[in-house]
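Each chain, written out:
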Amino acid sequence: MEFPKFLLGDNTDFPDAIFVIHTEFPRFIINLENDDVEWLEDFDQHDQKELELEAENLIQQANDFYDREIERYEE
């Protein structure tokens, strides 16, 4: 099964949370309410350096995805 790069997640146990799930490597879930990020990968030292360079870009993409989805809901 193929997934989109980003998915929105919701859970009534966390009513104020807005979760965006990144489904490609490196997989993560970000809570846009407080910008907490949970990485779903194990990283070695080599990966850690690459991750630090890419993390800011990926988190910005997650925020942009959310903004785009909200705009589409409002239309």
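A.B. asks: Hey, could you run me through the environment of K5 in this one?
C.D. replies: Looking at the element boundaries, K5 is found in the segment before β1 (6-9). Residue classification places K5 among the partly exposed residues on the basis of a relative accessible area of 30%. For the pair K5 and E69, spaced 64 residues apart in sequence, the C-alpha to C-alpha distance is 13 Å. Among residues more than four places away in sequence, those in contact with K5 are I21, H22, T23, E24 and Q61. Polar side-chain contacts of K5 include one of 2.8 Å to the side chain of Q61.

A.B. asks: How do you make sense of helix α1 (residues 45-74) when you look at a structure like this?
C.D. replies: Because an α-helix completes one turn every 3.6 residues, residues spaced three or four positions apart along the sequence face the same direction. Under the 1.5 Å per step criterion, the end-to-end length of α1 is 43 Å for 30 residues, consistent within 8% with the ideal 44 Å. Approximately 40° is the largest bend angle found in α1, and it occurs at E54. Residues of α1 that are buried include every one of L51, A55, L58, A62, F65 and E69, and no others. In this fold, the buried residues of α1 make contact with β1, β2 (19-22), β3 (28-31) and β4 (36-39).

A.B. asks: Just to check I follow, could you spell out the packing of aromatic side chains for this structure?
C.D. replies: Any aromatic ring pair is given by two values, namely how distant the centres are and how the planes are angled relative to each other. For the structure shown, the criterion picks out 5 aromatic pairs. Ring pairs connect the aromatic residues F25, F28, W39 and F43, which therefore count as one cluster.

What counts and what doesn't
- Residues numbered from 1 in each chain as written.
- Predicted model: local features only at pLDDT ≥ 70, side-chain atom pairs only at ≥ 80, totals over all residues.
- Heavy atoms only, no water.
- Helix = DSSP H or I, 4+ residues; strand = E, 2+ residues; numbered from the N terminus.
- Buried < 20%, exposed > 50% of the residue type's maximum accessible area, 1.4 Å probe, protein only.
- Contact = heavy atoms within 4.5 Å.
- Polar contact = N/O pair within 3.5 Å; in protein donor to acceptor, adjacent residues only side chain to side chain.
- Expected span 1.5 Å × (residues − 1).
- Bend = angle between axes of the 7 residues up to and from the residue.
- Phe/Tyr/Trp six-rings, centres within 6.5 Å; stacked < 30°, edge-to-face > 60°.

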